[in-house]
Amino acid sequence: MRIGYSFWGFLGNGITDTPDGGRSHRRPLIDALLGRGHEIVFLQANRDLIEAGDDLGNAYAFHSGTPDIDVLFLEWRWAIDGRNTTPCGTEGHTCDLHRQTELVTWYTVRLGIPTVIWDKDRQLRPDSVWRRIRQTTVCEAALEPTAGVHRLLFPLWAAPEAFGRLRQGRVRGRAVLLPG
């Protein structure tokens, strides 16, 4: 399975002045998925290289376009005033939200690709259209997730096995990713 993975953070040590809580579990998850034969292509900027000068041994693939994928996996980004809501090129601007919008528009809306939204910070609005789109599955890193949302905790010791058995299916008439 070719997974398009979108995150705004680091796989390596990165830089210390950033709130990227994902670096504690992201790389072990990715390496486990790769170890199980999945192909991962990262769809946000390679911040390890750009900001920290770390090429990660060229072990990972990054793509700034829209490569062919089977599943879109998003570590959900949300609007942060003065950072990702400002025009590109503005001091302090990050393009994470713009890129995420491009990805869900292309893959989820136009192509109908199964999409997993991992809302780790529980910022996806309760009335968000993404909660109702058939091919979208929303997950939260919560012991008691929002109604209709799946639990996906970290560290993710068991998650790579689940990804290894994913298949497309239907639950209550809704297209979802299911264990195979």
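Treat the numbers as computed from the prediction; the structure is a model and nothing was measured.

## A short note on the overall build of the protein
1) Next: Along the protein, the regular secondary structure elements total four helices and nine strands.
2) Next: Relative to its full complement of 180 residues, the protein shows a buried share of 45%.
3) Next: Of the contacts formed within the protein by residues at least 6 apart in sequence, a portion of 55% connects residues at least 24 apart.

## Brief notes about helix α1 (residues 26-35)
1) Next: Looking only at α1, the buried set comprises R26, L29, I30, A32 and L33. All buried residues of α1 project into a common sector of 165° when viewed along the axis, lining one side.
2) Next: At the C-terminal side of α1, G37 shows a positive phi close to 95°.

## Overview of the confidence of the model for the protein
1) Next: On average, residues of the protein score 84 in pLDDT, and 83% of them reach the 70 mark or higher.
2) Next: Note that pLDDT drops below 50 for residues 156-162; the model gives that stretch nine contacts with residues more than four away or on any other chain.

## Re the sheet that holds strand β2 (residues 39-42)
1) Next: In space, the seven strands of this open sheet follow the order β3-β2-β1-β4-β5-β6-β7, with parallel pairing throughout. The two strands at the open ends of the sheet, each matched to only one other strand, are β3 (61-62) and β7 (150-151).
2) Next: Its contacts with the sheet place α1 against β1 (2-6), β2 and β4 (71-75), and it is angled at close to 140° to β2.
3) Next: Across the face of the sheet, helix α3 (residues 96-110) comes into contact with β1, β4, β5 (115-119) and β6 (136-140) while running at roughly 155° to β4.

Conventions we followed
Starting from 1, residues in each chain are numbered consecutively following that chain's sequence as written. Per-residue local features are limited, in this predicted model, to residues with pLDDT of at least 70; the limit for side-chain atom pairs, both in listing and counting, is 80 or more; totals at the level of whole chains, interfaces and linings are taken over all residues. As a convention, hydrogens and water are excluded, and side-chain values are obtained from all of the structure's heavy atoms. Here a helix means four or more residues in a row that DSSP labels H or I, a strand means two or more in a row labelled E, and each is numbered from the N terminus. Throughout this description, buried means an accessible area under 20% of the type-specific maximum (1.4 Å probe, protein chains only), exposed means over 50%, and partly exposed covers the range between. In what follows, residue pairs with any heavy atoms lying within 4.5 Å of each other are defined as contacts. This arc is built from the directions going out from the helix axis to the C-beta atoms. Across the chain, each position has a pLDDT score giving the predictor's confidence in that residue, from 0 to 100. Two strands form a pair only when DSSP identifies at least two bridges running between them. Orientation is described by lines fitted to C-alpha atoms, with helices fitted over the stretch in contact, and by angles between N-to-C directions that extend from 0 to 180 degrees.

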